[in-house]
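Coordinate analysis (summary)
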Amino acid sequence: MFPSLSALLASAGTSPFVQALAIIIGTFILEDAATIVTAMEVQTGQVSLGVALVALYIGIVVGDLGLYGLGRLAALWPPARRWVAVPGTGQQGADSQGWFGRNVFRIVFISRFIPGARLPLYTACGFFRASIGRFAGAAILATLIWTSLLFAVSLRIGQFLIDHLGAWKWLGMAGFVLTIILVGRIVATVRSPSR
């Protein structure tokens, strides 16, 4: 992820469109890493702050909407509908559909900040036909907050790495990304119920 996104941004030169496209594609692969690498590129002057933030916001929100869309597609598959049927009623997850419909904003907003929660919850929102408007609104708001915070922290750390590690800055940034990923995995493991 590091060399490829960085190399792609470097080869994009000064073309904001190509830089934005590279960043958006990076968010589809691993959005937190793309945010951190993009912040580092802003810090080195390779990418402008405006291009970086707009591309990150667009890429992440489009990815979130894609997860919702995958859930909607899954709902069209008969075995998936049978899998969530309410036993003994013949209803196709009516209780779940009502719950997701009532709580879509809260589900989307909170899951943005909980590692590992987005994939299952965002696709479930689509599967149970939660309001796409409320889903999109929550996804946009949560993305603006989370991505801005992670980007700001990454800018600070990026400047520290540039100042103190010089040519080794990418190794330090790789360590930062690995730390974010590992902390997310640890949090997800700790909060999962024991089986």
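Below is a summary of the structure that appears in this document. Here the structure is a predicted model, which is why all the values come from computation and not from measurement. (Residues numbered from 1 in each chain as written. Predicted model: local features only at pLDDT ≥ 70, side-chain atom pairs only at ≥ 80, totals over all residues. Heavy atoms only, no water.)

Another aspect to go through is the environment of Ala117. Mapped onto the fold, Ala117 is located in the loop between helix 5 (94-111) and helix 6 (118-127). On the basis of relative accessibility, which here comes to 4%, the residue Ala117 falls in the buried class. Sequence separation between Ala117 and Ile107 is ten residues, and the spatial gap between their C-alpha atoms is 9.4 Å. (Helix = DSSP H or I, 4+ residues; strand = E, 2+ residues; numbered from the N terminus. Buried < 20%, exposed > 50% of the residue type's maximum accessible area, 1.4 Å probe, protein only.)

Inspection of the secondary structure assignment puts Asp64 in helix 3 (residues 49-75). Within the structure, the side chain of Asp64 is placed 2.4 Å from the side chain of Arg112, a separation counted as a polar contact. Other than its neighbours up to four places away in sequence, Asp64 contacts Glu31, Arg112, Arg118, Tyr122, Phe135, Ala139 and Thr143. (Polar contact = N/O pair within 3.5 Å; in protein donor to acceptor, adjacent residues only side chain to side chain. Contact = heavy atoms within 4.5 Å.)

Moving on, we come to helix 6. With seven of ten residues buried, helix 6 lies mostly within the body of the structure. Those residues of helix 6 that fall on the buried side of the exposure criterion are Arg118, Tyr122, Thr123, Ala124, Cys125, Gly126 and Phe127.

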